[in-house]
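# Tertiary structure, described
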Amino acid sequence: MEFTKGHGTGNDFVILPDPDGALDLTPGLVAAICDRRRGVGGDGVLRVVRAAKHPEGAALAAEAEWFMDYWNSDGSFAEMCGNGARVFVRYLLENGLATPAGAALPVATRAGVVRARIEADAIAVEMRRPRVYDASTATLGGLTLPGAAVDVGNPHLVCALPVGLELGSLDLTHAPEYDARVFPAGVNVEFIAPGEPVAGTDGHVLMRVYERGSAETLSCGTGACAVAAVALRDAARDTGTVAVDVPGGRLTITVTDDSCWLAGPAVLVATGTITPATLLP
Ligand SMILES: N[C@@H](CCC[C@H](N)C(=O)O)C(=O)O
């Protein structure tokens, strides 16, 4: 099984080319591939499959040639992965499966078709406009924080830290507790603090994230979009550009009237071969 390893601001993925949808990918195999000691290691798997050849992509095949079959590192599915989409596009471009010229490049996902633009070293993807729809709480180490529930195709809970509490002091080795009545399918939890003003933006936020299905990661693209939407709401704005600094670098989010652009670096770092029989008991 051939693979490529890539990341977007440290959110890392094992990319599996499978144009005809022939791979027998199971939750157990995905978890074994993502294991950082016994496998390749990654926050998730991106299977590159023709939309027409995937049951969840076929309906979108007229709009997009490729389907991003995203899996979390624990072997669960997610509807959307913003950094994954950016790394997926980098893979398509570097492997001659798509061309950078012309209009934005469409990619089918479980949350619909997203479109990508190449901006020098960065790749930007246009996703749905985040919807801030409820209030809830997250509890971490005995501390309960209020937060905003945000739908970016996948579920997020954005919690601002109280003044005086440092992001770096949070222990994210354990999952935050959340209200399963608000998030019946689980949730990605973002913890945020204000950043210094950044030229050319309408806001700057520092963020750490505990991802559903992947634990703490160095970056989460959809999480950054959720954070930007909350920052703009708190500034009484409907649209604007927000810089979101994650442990793995900077993402730039532009929320428009009807969509949301997520921009940042996306790189491929290695290729190799996986022998599934050596990963599974
Ligand atoms: N890291 C991703 C989000 C991946 C999916 C998430 N863990 C979920 O289960 O919803 C991103 O960059 O958006």
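Just so it is clear, the structure is predicted and the values come from calculations on it, not from any experiment. Residues take numbers from 1 onward in each chain, read along the sequence in its written order. The predicted nature of this model means local features are confined to residues of pLDDT at least 70 and side-chain atom pairs, given and counted, to a pLDDT of 80 or more, with totals for whole chains, interfaces and linings taken over all residues.

## Points about the overall build of the protein
- Along the backbone of the protein there are 4 helices and 18 strands.
- Summarising its shape, the C-alpha atoms of the protein cover approximately 50 × 45 × 30 Å along the three principal directions.
- In this scheme the burial state of a residue depends on its C-beta neighbours within 10 Å: 20 or more other such atoms mean buried, 12 or fewer mean exposed, and anything in between means partly exposed; the C-beta positions come from the backbone. Out of the 281 residues belonging to the protein, those deemed buried represent 46%.
- Contact between residues is assigned whenever the C-beta positions, reconstructed from backbone atoms, fall within 7 Å. When contacts within the protein are restricted to residue pairs at least 6 apart in sequence, long-range pairs at least 24 apart make up 64% of them. Starting at the N terminus, helices and strands are each numbered in turn, a helix being any DSSP run of H or I of at least four residues and a strand any DSSP run of E of at least two.

## So, the nonpolar core
- Put simply, a nonpolar core is buried Ala, Val, Leu, Ile, Met, Phe, Trp, Tyr and Cys residues tied into one set by C-beta atoms within 7 Å. Counting 83 residues, the largest nonpolar core has Val-107, Ala-224, Val-227, Ala-228, Val-244, Ile-253 and Leu-262 as the members making the most contacts within it.
- Here the element with the most residues in this core is helix H3 (residues 221-234); it accounts for 9 residues.
- How far each domain reaches was decided by an automatic or database domain assignment. Both domain 1 (2-124 + 266-279) and domain 2 (131-257) contribute no fewer than three residues apiece to this core.

## Side note on the confidence of the model for the protein
- Residues at a pLDDT of 70 or more form 100% of the protein, whose mean pLDDT is 96.
- Reported for the predicted complex are a pTM of 0.97 and an ipTM of 0.99. As a per-residue measure, pLDDT reflects the predictor's confidence and takes values from 0 up to 100.

## A short note on the packing of helix H2 (residues 82-94) against H3
- Axis separation between H2 and H3 bottoms out at 5 Å; the angle between their running directions is 130°. Relative to H3, the element H2 is oriented oblique. On H3, the residues touching Gly-82, Asn-83 and Arg-86 of H2 are Gly-221, Thr-222 and Cys-225.
- Three classes are used, and their members are as follows: Ala, Val, Leu, Ile, Met, Phe, Trp, Tyr, Cys and Pro are nonpolar, Asp, Glu, Lys and Arg are charged, and the others, Gly among them, are polar. Looking at the contact of H2 with H3 residue by residue, the class counts come to 1 nonpolar, 4 polar and 1 charged. Under this scheme, a helix contributes an axis fitted over its contacting stretch, all axes are lines through C-alpha atoms, and angles between N-to-C directions fall in the 0 to 180 degree range. Throughout this description, any angle smaller than 35 degrees is read as roughly parallel, any larger than 145 degrees as roughly antiparallel, any in the 65 to 115 degree range as roughly perpendicular, and the remainder as oblique.

## Remarks on the site of the ligand
- In this text, near has one meaning. A residue is near a molecule or strand if its C-beta atom, placed using the backbone, is within 6 Å of it. Near the ligand lie 17 residues; those nearest to it are Ala-78, Asn-83, Asn-154, Gly-221 and Thr-222.
- Among the secondary structure elements, those contributing two or more residues to the shell around the ligand are H2 and H3.
- Tallying contributions element by element places H2 first for the shell around the ligand, with 3 residues.
- Taken together, the residues of the shell around the ligand break down into 3 nonpolar, 12 polar and 2 charged.
- When we break the shell around the ligand down by domain, the ones giving at least three residues each are domain 1 (2-124 + 266-279) and domain 2 (131-257).

## Let's talk about the environment of Tyr-210
- By the element assignment, Tyr-210 lies in strand E13 (residues 203-211).
- By C-beta crowding, Tyr-210 is classed as buried, having 25 other C-beta atoms within 10 Å.
- Separated by 34 residues in the primary sequence, Tyr-210 and Pro-176 have C-alpha atoms spaced 7.6 Å apart.
- Dropping the residues within four chain positions of it, Tyr-210 is found in contact with Leu-172, Ala-175, Pro-176, Val-189, Ala-215 and Glu-216.

## Some points on the pairing of strand E17 (residues 259-265)
- Most of E17 is tucked away, with 6 of its 7 residues classed as buried.
- Strand pairing requires that DSSP identify at least two bridges connecting the strands. Direction of pairing for strand E7 (residues 122-128) relative to E17: antiparallel, over a ladder of 7 bridges. The residue bridging Met-127 from the neighbouring strand is Cys-260, located in E17.
- As defined by bridge partners, strand E16 (residues 249-255) adjoins E17 across 4 bridges and the pair is classed as antiparallel. Note on E17: the bridge partner recorded for Val-255 is Cys-260.
- Hairpin connection of E16 to E17: 3 residues between the antiparallel strands.

## Describing the domain arrangement of the protein
- For the protein, the domain assignment lists domain 1 (2-124 + 266-279) and domain 2 (131-257).
- Relative to domain 2, the C-alpha centre of domain 1 lies at a distance of 24 Å.
- Tallying the contact residues gives 18 residues for domain 1 and 18 residues for domain 2.
- Sorting elements by how many residues they give to the side of domain 1 that touches domain 2 places H2 first, with 3 residues.
- Of the residues in the side of domain 1 that touches domain 2, the class split is 4 nonpolar, 10 polar and 4 charged.

## Brief notes about the pairing of strand E1 (residues 2-8)
- In terms of burial, E1 is largely enclosed, as 5 of its 7 residues are buried.
- Alignment of E1 against strand E2 (residues 11-17), held across 5 bridges, turns out to be antiparallel. Pairing of Gly-6 across the sheet is with Phe-13, part of E2.
- Taking the residues between adjacent antiparallel strands as the criterion, E1 and E2 are bridged by 2 residues, where Thr-9 takes a positive phi near 45°.

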